[in-house]
Structures are given as C-alpha cells and as structure tokens.
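Secondary and tertiary structure notes
What follows is each chain in one-letter form.
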Amino acid sequence: MKTSNPVLARLGQAAERERSAGYAPAGPYGQPGIPQQYPSQVGYPAAPPAVAPMTVDDVVVKTVALLGILGITAAAAWVLVPDALVGAAWIGAAVVGLVLGLIISFSRMANPALVIAYAVVEGVFVGMVSKAFETLYDGIVLQAAVASFGIFFLMAMLYRAKVIRATPAFVKGMIAAMVGLFAVMLINLVLALFGVNTGLRDGSPLAIGFSLVCIVVASLSFVLSFKEIEDGVRMGLPQRYSWVAAFGILVSLVWLYIEILRLLSYFQGDD
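Please read these numbers as outputs of a predicted model, since none were measured by experiment. (Residues numbered from 1 in each chain as written. Predicted model: local features only at pLDDT ≥ 70, side-chain atom pairs only at ≥ 80, totals over all residues. Heavy atoms only, no water.)

Further remarks concern the overall build of the protein. Of the regular secondary structure elements, the protein holds 8 helices and 0 strands. In the protein, the succession of α and β elements from N to C terminus is α-α-α-α-α-α-α-α. Taken over 271 residues, the protein has a buried fraction of 42%. The long-range share in the protein, meaning contacts at least 24 apart out of those at least 6 apart in sequence, stands at 80%. Put simply, the protein shows about 14500 Å² of open surface, and 71% of that area lies on carbon and sulfur atoms. (Helix = DSSP H or I, 4+ residues; strand = E, 2+ residues; numbered from the N terminus. Buried < 20%, exposed > 50% of the residue type's maximum accessible area, 1.4 Å probe, protein only. Contact = heavy atoms within 4.5 Å. Areas by Shrake-Rupley, 256 points an atom, 1.4 Å probe, with all protein chains shown as cover.)

The next thing to look at is the packing of aromatic side chains. For the structure shown, the criterion picks out 6 aromatic pairs. Centroid distance Phe-222 to Phe-226: 6.4 Å. Interplanar angle 20°. Geometry classified as stacked. Remark: Phe-226 and Phe-222 occur in helix 7 (residues 205-235); sequence separation between them is 4 residues, near one turn of the helix. For Phe-226, a relative accessible area of 10% translates into the label buried. (Phe/Tyr/Trp six-rings, centres within 6.5 Å; stacked < 30°, edge-to-face > 60°.)

As recorded in UniProt, the feature "transmembrane region" (unreviewed entry) lies at residues 59-81, 87-106, 113-133, 139-159, 171-194, 206-229 and 241-258. For residues 113-133, the end-to-end C-alpha separation is 30 Å, with 100% helix and 0% strand making up the annotated structure. Between the C-alpha atoms that bound residues 241-258 the distance is 26 Å, and the span itself is 94% helix and 0% strand. (UniProt positions renumbered as here; feature names shortened; annotations may be inferred.)

In this section: the packing of helix 5 (residues 140-160) against helix 8 (residues 242-267). The contact between helix 5 and helix 8 brings their axes to 9 Å, and the two run at 135°. The pairing of helix 5 with helix 8 is recorded here as oblique in orientation. Judged by the twist between their axes, the crossing of helix 5 over helix 8 is right-handed. Contacts between helix 5 and helix 8 involve Ile-140, Val-141, Gln-143, Ala-144, Ala-145, Ala-147, Ser-148, Phe-149, Ile-151 and Phe-152 on the former and, on the latter, Ile-249, Leu-253, Leu-256, Tyr-257, Ile-260, Leu-261, Leu-264 and Ser-265. (Axes fitted to C-alpha atoms, helices over the stretch in contact; angles between N-to-C directions. Parallel < 35°, antiparallel > 145°, perpendicular 65-115°, else oblique. Left-handed = near helix turned anticlockwise from the far one by under 90°.)

With that settled, consider the side chain of Thr-63. With respect to the helices and strands, Thr-63 occurs in helix 2 (residues 56-80). Within the structure, the side chain of Thr-63 is placed 2.7 Å from the backbone oxygen of Val-59, a separation counted as a polar contact. With residues up to four places along the chain from it excluded, the contact list for Thr-63 reads Ala-246 and Ile-249. (Polar contact = N/O pair within 3.5 Å; in protein donor to acceptor, adjacent residues only side chain to side chain.)

Tallied over the entire structure, the rule returns 5 salt bridges. The salt bridge partner of Glu-259 is Arg-201, with a shortest N-O separation of 2.9 Å. Taken together, the residues Glu-259 in helix 8 and Arg-201 in the loop between helix 6 (168-193) and helix 7 connect sequence positions 58 residues apart. Judged by relative accessible area, which is 2%, Glu-259 ranks as buried. Of the charged contacts in the structure, one is a salt bridge between Asp-231 and Lys-227, with a shortest N-O distance of 3.4 Å. (Salt bridge = Lys/Arg side-chain N within 4 Å of Asp/Glu carboxyl O.)

All right, on to the nonpolar core then. For soluble globular proteins, the rule of thumb is that nonpolar side chains tend to be buried together. Counting 60 residues, the largest nonpolar core has Phe-222 and Leu-261 as its most contacted members. The set of elements that each furnish at least two residues to this core consists of helix 2, helix 3 (86-106), helix 4 (112-136), helix 5, helix 6, helix 7 and helix 8. If one sorts the elements of this core by residue count, helix 8 sits on top with 16 residues. Leave out the neighbours within four places in its chain, and Phe-222 touches Phe-152, Met-155, Ile-249, Ser-252, Leu-253 and Leu-256. Counting residues in each nonpolar core, the second largest holds 5 residues, with Ala-77, Val-86, Ala-89 and Met-128 among its members. (Core = buried A, V, L, I, M, F, W, Y, C linked by side-chain atoms within 4.5 Å.)

In structure tokens form, the structure reads like this:
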C-alpha cells in the first residue's frame, strides 16, 4: 500500500525488510499477521521470531501513557519549581523540547526512550506555562484543557465518519501551513528578543486572528496523525512505531492547548 507521506514510505521500506525476516503484514483491522513458516522437515531453517505489527490499540495505549507522563511531570513542575525560576524553566524546557522533537521527527528509527524524554520535557514546559497563566487568570488552565481534548475527540469523530479526509492535496496544504506558521512564530520570537513588537502575541485583533489560525491548523493536524496511523497499520509497520504515532498526537495536543490558553488570556486581559 503506497502512501504520499515520505516518512511513512521510508518506514514502510523498513517494515518490508522486517517482514522478510519473519512476519506477515497486519490484517485489515490491525490484527497480527501470520508468521511465515519454513518446512524444517526438509532441511530449511526454522522461522525466526515473529515481529508484532502496529495496531490502533497500540497507539491508543502509548498516547495515554505519554499523556499520563506529561500530566504527572507538569503537576510536579508546577509544585516543585519556585516562582522565581518559572521563566527559566519555561524557556529551557521549550528549547530542549524543540531539539528532541526535531530529532524524533527526522530520526530513521522509532526510539521509545526519546519519545518518553520528550513527554517529560514537555510536561515541564506545559506545567510552567500553565502556572504562569493560572496565576494571572484563575480557571483558565481547566478551560483550555477541556477545549483541547474536546477538539481532539471531535476531530477523531469527524475523521472516523469520513467527514474530513486526508487527501494528497490536504496533506500538502497542511504541511505547507504548519511550516509557514512555524517560520512566522520563530521570526516573531527572534524579533521579540530585540524588542520588536509585531502584534502577533499582544492581545490585539491581529493576535486574536493569528491564534485562531494556529488553533485551526493545530486541530486539522490531528487528521494527519490519524492518516499516518491508518497507513502505518495497513503497511504493517512494527509495533514500536506506535510510539512515533503517539508522539505526533502529543505534539498536536500540546500546540493546541498552548494556543487555546493564549487565546483565552486575550479575552480575560482586562479582568
């Protein structure tokens, strides 16, 4: 089964090599394939150990585990990090998380340790950001969390009902939009360090519009993750790649949560 995603195409080639080492691709609903057998009674070697293929349930379990790690780490950082160090911890976790995220995204192999480390670092980042916003606006963290998970489940239902489809044009458009937004946010950050206010993060109508665009793109990015999971299961990727799929969902959830948190703060700024 071909895919328009170059990363999945590369992983599919890796899966093909592993299948030749002793396992068949997953069935239509993600159930394990039947290991290849070799008739040892006529002198051929016995089949090597089967490698379990990825299933949707694997991705669900890994995603829940990563969210649990992130939540526990965020709560611990909120309680343990002194107020005077919130800013430093916030920036440090953001930088380390970005580096880990890029390594995971461009790595050729699924590495559960890196993905778990990313969840821990993002937990510190989310905890510090949440603490800072909650100090200023009481109740905003709960509102943002509920909205984020609500959007996630809505997108999952829309994808399952095939209301939104990840067509090749949709995938290309989403990748272009995410790269463009990342570039704009990076440039805005650099300019802010030099005291230049672009108006994208100051609560102005432009800032509200920019946050809305980010929220829409972050929400639609779940469709890309769902498509990657669907293709990965169909292509028979090894079970360990469920960590990569769960990582993709975690990245989108954190991004969506931060953008919703920021947008809500704009409307409470005068309170």
